[in-house]
Amino acid sequence: MSQLDNACKLVDSNGVSILTLKGKVKITEATCLKELLIEAVNEGNPIRVDMSELEDIDITMIQLLFSARNKAATFDLEFNIFPISVQTKELLRTSGVLYELFNPNNV
Amino acid sequence: MSLDLQAIFIEEATYLLEDLEEAFLELESAPDDMELVARIFRAMHTIKGSGSMCSFPNLSAFTHEFETAFDRVRNGDIKITKELIEIGLDSHGFIGRMVKTLDHVNPSLREESKNILSRLHKYSPKEGADNPGIELDLSAPDEVVSLDWAHYRIRFTPNPGIFKYAIDPITIFKSLAELGEVCNVAYIKDIPDLFEINEFACYMSWEIIISTQDSRDKLVELFEFVEDDCEVNVEMINQENDFDDDYKRLGDILLERGDLTKEQVSQLFEKKPLVGEIIEESGLVPKEKIDSALLEQELVRSDREQKKQIVTNDSIRVSSARLEMQMDLVGELVISLASLHQLAVDRGDVKLNAISEDLEHLVTSIRDNVLGIRMLPIGGTFSKFRRLVRDLSSEQGKQIEMVTYGAETELDKTVIDQLSDPLVHLIRNSLDHGIELPEERAANGKTEKGFITLTAKHSQGHVLIEIKDDGKGIDPDIIWKKSQEKSLTNGDERPSDKEILQYIFAPGFSTAEAITNISGRGVGMDVVKRSIESLRGSIILESVLGEGTTITLQLPLTLAIIEGLLVEVGNESLVIPLAMVVECVETKKSQLESSRKGQLIRVRNSLIPCLPLQNWLGNQTHIPENIQIIIVNIDDEQYGLIVNDVIGQQQIVIKSLGSIYQSIEGVSGATILGDGAVALILDLPQIVKLFQVTEQV
């Protein structure tokens with residue numbers, strides 16, 4: 001399991017790949033995040049993204065999440081986002097993706 | 001600006017307008033009263049300031065002109081004139097209409113404002129100048145003047161390379177949110193596979209619906225710094241001021257957006273009714289686009305609904321019908337509770353009785369609460385009369401001032417609604433028959449100006465409304481003469497002055513020498529009395545020749561549920577409104593005293609006439625030796641109702657009688673008792689008339 005920088009960390013916990021995002025995850029962290037998401041998908045375990053300590057995001061990060069969620073679906077892997085901080089939820093709402101991201105029927 | 005803030009402004013403006021009208025009317029009789037001038041100035045100033053803050057710019061501009069004129073009055077530059085007060089009252093009406101249209105200046109309002117402001121011109125600082133000093137742009141078309149809430153649809157498609165310039169669309173969305181209410185739907189279908197995605201490219205696009213009072217230009221401005229790196233299309237989707245019509249259907253929205261062609265919509269229509277699922281099934285439009293269109297539809301519809309509510313409702317945002325329904329339900333609850341209580345008593349079940357008592361406590365609280373919601377201050381009705389008195393007195397060449405007390409006194413809305421017409425009639429009578437012309441008053445040593453005083457107050461579970469004038473009073477001799485002429489009397493023997501005055505309430509009685517448009521058609525006071533009695537109230541008339549007349553209306557607080565005294569007469573249960581009950585006396589039939597007019601009971605040195613209710617029910621032979629007498633107060637007179645037994649006091653839910661039973665004299669309604677039996681509610685003034693105090697026990 002990898003920790004490419006302080007903002008993004010991927011760990012295995014009882015057979016679940018947990019990707020924890022902290023602080024600001026924006027375009028400067030995009031490559032790291034993409035690599036971790038690919039790593040998580042390749043593990044073949046259910047994936048959970050923990051955003052409880054995430055403070056700020058941008059569209060690059062949102063796109064990567066959608067991309068990962070769709071990829072996980074093609075491999076029949078569970079992909080869940082929880083818990084999530086209030087400010088992140090609000091940013092997802094402002095960006096018009098909250099419903100899309102959390103509606104399983106949209107995968 | 002939130003719609004809530006608009007609603008708060010409308011509420012505040014409505015209150016201020018009431019105050020403004022009152023102040024203008026008072027100013028008419030005290031033009032030098034600088035306190036009143038200051039009050040008007042303050043009200044106008046507040047309307048102007050709050051209007052400006054709450055996006056009523058036209059209203060604000062209008063009141064500014066008026067405020068300026070009154071500032072000159074305040075500074076002593078100009079004097080209050082009758083014309084200025086007329087302009088003020090007209091402005092009051094205009095402002096009220098502007099508030100109702102949410103600051104939208106329609107053609108008729110534009111004409112009205114032009115007229116008022118041109119009259120106001122001569123009092124403005126720029127007197128004599130060509131420009132009347134009006135800053136309100138009255139020549140502009142409605143669409144420009146009006147700054148109503150509008151909905152815009154923004155389609156935002158950034159170029160893939162937009163992130164290179166350190167542009168994050170989220171920043172733009174945050175700025176948009178500051179201009180109004182935003183609904184944003186992102187299109188994500190172009191985001192590639194995780195293994196292929198270029199994390200530095202933008203694949204998403206957005207469709208945003210914003211409800212704002214800002215202009216389209218302001219919205220476009222937000223995208224200015226990205227205009228070379230994206231496609232932006234901002235279009236207004238709804239700015240109708242008439243929001244009575246339903247908003248576009250889903251198919252129309254998608255057609256307007258270019259997501260569907262006319263042909264495609266027609267084809268879908270041929271299949272079955274056009275709904276989101278059908279369009280989605282057709283595969284012509286992606287689901288997120290349908291969702292976005294549905295969102296637009298929902299947003300505009302809900303906004304229109306909200307606007308409708310703001311315009312039509314005042315601070316009580318519950319329809320009267322709902323309140324009525326709530327009251328009916330509480331009534332049913334009271335009846336069910338009575339049944340439960342009856343059951344507990346019949347079974348002698350202590351636990352059930354305890355529950356019933358707990359419930360009674362709760363139900364009483366709910367009942368009082370619901371009744372409280374229906375209570376409104378009578379001040380709103382009073383203030384209408386000030387204008388009436390002002391207009392009619394000047395029409396008649398009289399000088400009359402109306403004074404009110406107790407405007408905060410609360411009454412059930414139903415009572416207030418039904419009270420307006422009788423009050424108008426009584427005030428018109430005072431105006432027409434009571435208050436004399438100024439020269440006549442002066443000749444009689446009175447002030448030229450007459451007074452009509454309206455007072456409302458609570459008294460022993462009732463509301464008393466007093467209409468008092470300091471006019472010429474009623475001459476009993478004239479009334480007696482007229483009554484004889486109209487064959488309204490029972491004989492030639494002249495009754496007391498007090499009794500003679502009661503002929504005024506006889507049908508067809510009128511002493512007016514000329515029929516005016518105010519009163520004097522002889523169809524008034526009997527109707528007034530009937531109206532008041534139908535409200536379970538009573539009317540008392542007192543008059544002193546040369547000094548004036550006072551009419552006192554005694555009204556119940558509510559018409560829905562009353563406290564009643566349940567009594568037994570023969571085999572029947574009857575309800576006597578508790579508010580009319582003075583006391584209960586247990587006595588024997590043989591102890592009653594006889595008089596020419598019937599049986600009397602002596603209560604603390606007073607002889608009170610008795611009315612055996614058994615006779616009214618047709619059970620004369622069943623009057624027992626041991627009787628109960630309920631002393632009641634009707635029209636300021638006391639009577640004793642002879643009953644077999646007193647069952648007790650209880651809440652009475654008033655049910656109206658069907659049309660077949662409405663003609664039964666002496667009954668005003670019915671109620672359902674705990675055991676399911678029906679008890680009649682007595683109409684005591686009618687009962688007294690029926691007996692005419694001649695019955696013998």
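Residues numbered from 1 in each chain as written. Chains lettered and ligands numbered in written order. Predicted model: local features only at pLDDT ≥ 70, side-chain atom pairs only at ≥ 80, totals over all residues. Heavy atoms only, no water.

Asks: Hey, could you run me through the pairing of strand E2 (residues 16–25) of chain A in this one?
Replies: Each regular strand carries side chains that alternate between the two faces of the sheet. Residue and element names in this part refer to chain A. In terms of burial, E2 is a largely internal element, seven of the ten residues being buried. Taken together, the six bridges between strand E1 (residues 8–13) and E2 define a ladder with antiparallel strand orientation. When the sheet's bridge partners are listed, lysine 9 is paired in E2 with threonine 20. Following E1, the chain reverses through two residues before pairing antiparallel with E2; asparagine 14 in that reversal takes a positive phi of roughly 50°. Bridge count between E2 and strand E3 (residues 47–57): eight bridges; the pairing is parallel. Following the sheet pairing, lysine 24 is matched in E3 by aspartate 56. Handedness of the E2-helix H1 (residues 30–43)-E3 crossover: right-handed. (Buried < 20%, exposed > 50% of the residue type's maximum accessible area, 1.4 Å probe, protein only. Helix = DSSP H or I, 4+ residues; strand = E, 2+ residues; numbered from the N terminus. Pairing = 2+ DSSP bridges. Right-handed = clockwise from strand over helix to strand, strands pointing away.)

Asks: Whenever I open this one, the interface of chain B and chain A confuses me. Can you help?
Replies: Frequently, the measure chosen for interface size is the accessible area that the parts lose on association. Of the residues lining the interface, 26 residues belong to chain B; the matching set on chain A comes to 28 residues. Between chain B and chain A the total buried area reaches about 2300 Å² when both faces are included, carbon and sulfur atoms providing 66% of it. If you sort the residues of chain B by the area they bury against chain A, B:Leu194, B:Phe195 and B:Glu199 come out on top, with a joint share of 30%. Between chain B and chain A we count two salt bridges in total. A salt bridge links A:Lys34 to B:Glu199; its shortest N-O distance comes to 3.2 Å. The tally of links from chain B across to chain A stands at twelve residue pairs in polar contact (both at pLDDT 80 or more). (Contact = heavy atoms within 4.5 Å. Buried area = accessible area lost by both parts, 1.4 Å probe. Salt bridge = Lys/Arg side-chain N within 4 Å of Asp/Glu carboxyl O. Polar contact = N/O pair within 3.5 Å; in protein donor to acceptor, adjacent residues only side chain to side chain.)

Asks: Before we go on, may I ask you to explain a negative patch on the surface in this structure?
Replies: Residue and element names in this part refer to chain B. Together, Asp217, Glu221, Glu224, Glu227 and Asp228 give the surface a local cluster of negative charge. With respect to the helices and strands, glutamate 224 occurs in the loop between helix H8 (216–222) and strand E4 (230–238). The class of glutamate 224 is partly exposed, set by a relative accessible area of 46%. (Patch = residues over 30% accessible without salt bridge, like charges linked within 9 Å, V, L, I, M, F, W, Y side chains within 5 Å. Areas by Shrake-Rupley, 256 points an atom, 1.4 Å probe, with all protein chains shown as cover. Lys, Arg positive; Asp, Glu negative; His and termini not counted. Charge placed at Lys NZ, Arg CZ, Asp CG, Glu CD.)

Asks: Please clarify how the pattern of salt bridges should be interpreted in this entry.
Replies: Where charged atoms from two side chains of opposite charge approach closely, those side chains can pair. Residue and element names in this part refer to chain B. Evaluated as defined, the whole model comprises 26 salt bridges over all chains. Aspartate 470 is the salt-bridge partner of arginine 441, the closest N and O atoms lying 2.9 Å from each other. On the criterion of sequence distance, the pair formed by arginine 441 in helix H17 (residues 438–443) and aspartate 470 in the loop between strand E9 (462–469) and helix H18 (476–485) is long-range, its members being 29 residues apart. Judged by its relative accessible area of 1%, arginine 441 is buried. The exposure class assigned to aspartate 470 is partly exposed, which follows from its relative accessible area of 21%. What you see here is one network of salt bridges that share partners, running through Asp19, Glu22, Glu26 and Arg39.

Asks: Can you help me understand the packing of aromatic side chains in this one?
Replies: Aromatic rings in a pair are described by how distant their centres are and how their planes are angled relative to each other. All names here are of chain B. A complete count under the given rule lists ten aromatic pairs over all chains for this structure. Plain terms: the ring middles of phenylalanine 156 and phenylalanine 173 are 6.2 Å apart, the flat faces sit at 85° to each other, and that makes the pair edge-to-face. Of this pair, phenylalanine 156 sits in strand E1 (residues 150–158) while phenylalanine 173 sits in helix H7 (residues 169–179), placing them 17 residues apart in sequence. In terms of burial, phenylalanine 156 and phenylalanine 173 fall into one category: buried. The rings of Phe156, Phe173, Trp206 and Phe223 are connected pair by pair, giving a single aromatic cluster. Geometry around phenylalanine 41 places arginine 74 over its ring, the cationic atom sitting 3.6 Å from the centre. (Phe/Tyr/Trp six-rings, centres within 6.5 Å; stacked < 30°, edge-to-face > 60°. Lys NZ or Arg CZ within 6 Å of the ring centre and 35° of its normal.)

Asks: Would you mind going over the pairing of E1(B) with me for this structure?
Replies: All names here are of chain B. Buried residues dominate E1, accounting for seven of its nine residues. Bridge count for E1 against strand E3 (residues 205–212) is seven bridges, and the pairing is antiparallel. Following the sheet pairing, alanine 150 is matched in E3 by threonine 212.

Asks: Sorry if this is basic, but what is going on with the sheet that holds strand E16 (residues 598–603) of chain B here?
Replies: Paired through their backbone hydrogen bonds, the strands of a sheet run either parallel or antiparallel. All names here are of chain B. Pairing is mixed across the open sheet formed by six strands, whose spatial order is E14-E18-E19-E17-E16-E15. Because the sheet does not close on itself, it has two edges, and the strands there are strand E14 (581–588) and strand E15 (593–595). With strand direction ignored, the average angle separating the axes of adjacent strands in the sheet is 40°. Where E16 and strand E17 (residues 606–612) come together, four bridges link them in antiparallel fashion. When the bridges of E17 are listed, valine 603 appears paired with serine 606. (Axes fitted to C-alpha atoms, helices over the stretch in contact; angles between N-to-C directions.)

Asks: Explanation requested: the nonpolar core in the structure shown.
Replies: Most often, soluble globular proteins have nonpolar side chains that are buried together. Of all hydrophobic cores here, the largest spans 62 residues; its most connected members are A:Leu21, A:Leu33, A:Met61, A:Ile62, A:Phe79 and B:Met204. Ranked by the residues each element gives to this core, the list is headed by helix H2 (residues 59–74) of chain A, at eight residues. Once residues within four sequence positions are removed from consideration, A:Ile62 is found in contact with A:Ile57, A:Leu92, A:Ser95, A:Val97, B:Ile170 and B:Met204. Formed by 42 residues, the second largest nonpolar core is a distinct cluster that contains B:Leu20, B:Ile47, B:Phe70 and B:Leu84. (Core = buried A, V, L, I, M, F, W, Y, C linked by side-chain atoms within 4.5 Å.)

Asks: Teacher, can you tell me more about unusual backbone geometry here?
Replies: In this structure, A:Asn14 takes a positive phi of about 50° despite not being glycine. Here A:Asn14 lies in the loop between E1 and E2. Positive phi, normally seen in glycine, also occurs at B:Ala166, with a value near 60°. Checked against the element boundaries, B:Ala166 lands in the loop between E1 and H7.

Asks: I keep staring at the confidence of the model for chain B and nothing clicks. Help me out?
Replies: Residues shown with low pLDDT carry predicted positions that ought not to be read at fine detail. Residue and element names in this part refer to chain B. Taken as a whole, chain B shows an average pLDDT of 78; of its residues, 83% reach a score of 70 or greater. H17 holds the highest mean pLDDT among the elements of chain B, 91, whereas helix H6 (residues 142–145) holds the lowest, 36. This stretch, residues 240–244, has a pLDDT under 50; its non-local contacts, to residues over four places away or in other chains, come to nine contacts. Confidence drops under a pLDDT of 50 for residues 693–697, and excluding neighbours within four residues, the segment shows 23 contacts in the predicted structure. Complex prediction metrics read pTM 0.43 and ipTM 0.93. (pLDDT = per-residue confidence, 0-100.)

Asks: Can you walk me through the sheet that holds strand E4 (residues 79–84) of chain A in this structure?
Replies: All names here are of chain A. The strand order across the open sheet formed by four strands is E1-E2-E3-E4, and the pairing between neighbours is mixed. If you trace the sheet from one side to the other, it starts and ends with E1 and E4, each paired once. Strand-to-strand, the axes of this sheet are offset by a mean angle of 25°, without reference to chain direction. Of the strands in this sheet, E3 and E4 touch helix H3 (residues 86–94), which is tilted by about 85° from E3.

Asks: How should H18(B) be read in this particular structure?
Replies: Because an α-helix packs 3.6 residues into every turn, residues spaced three or four apart end up facing the same way. All names here are of chain B. Along H18, the positions that sit buried rather than exposed are Pro476, Ile479, Trp480 and Ser483. Angular distribution of buried residues about the axis of H18 spans 100°; they occupy a single face of the element. Opposite the buried face of H18, by more than 90 degrees, sit the exposed residues Lys481 and Glu485. Close packing links the buried residues of H18 with helix H19 (497–501). Where H18 begins, the capping side chain belongs to aspartate 475, and its oxygen is found 3.0 Å from the backbone nitrogen of aspartate 477. Trailing H18 by a residue or two, serine 487 shows a phi angle of about 55°, which is positive. (Arc of directions from axis to C-beta.)

Asks: Is there a simple way to explain the environment of B:Pro609 in this structure?
Replies: Relative to the helices and strands, B:Pro609 resides in strand E17. We classify B:Pro609 as buried; its relative accessible area is 17%.

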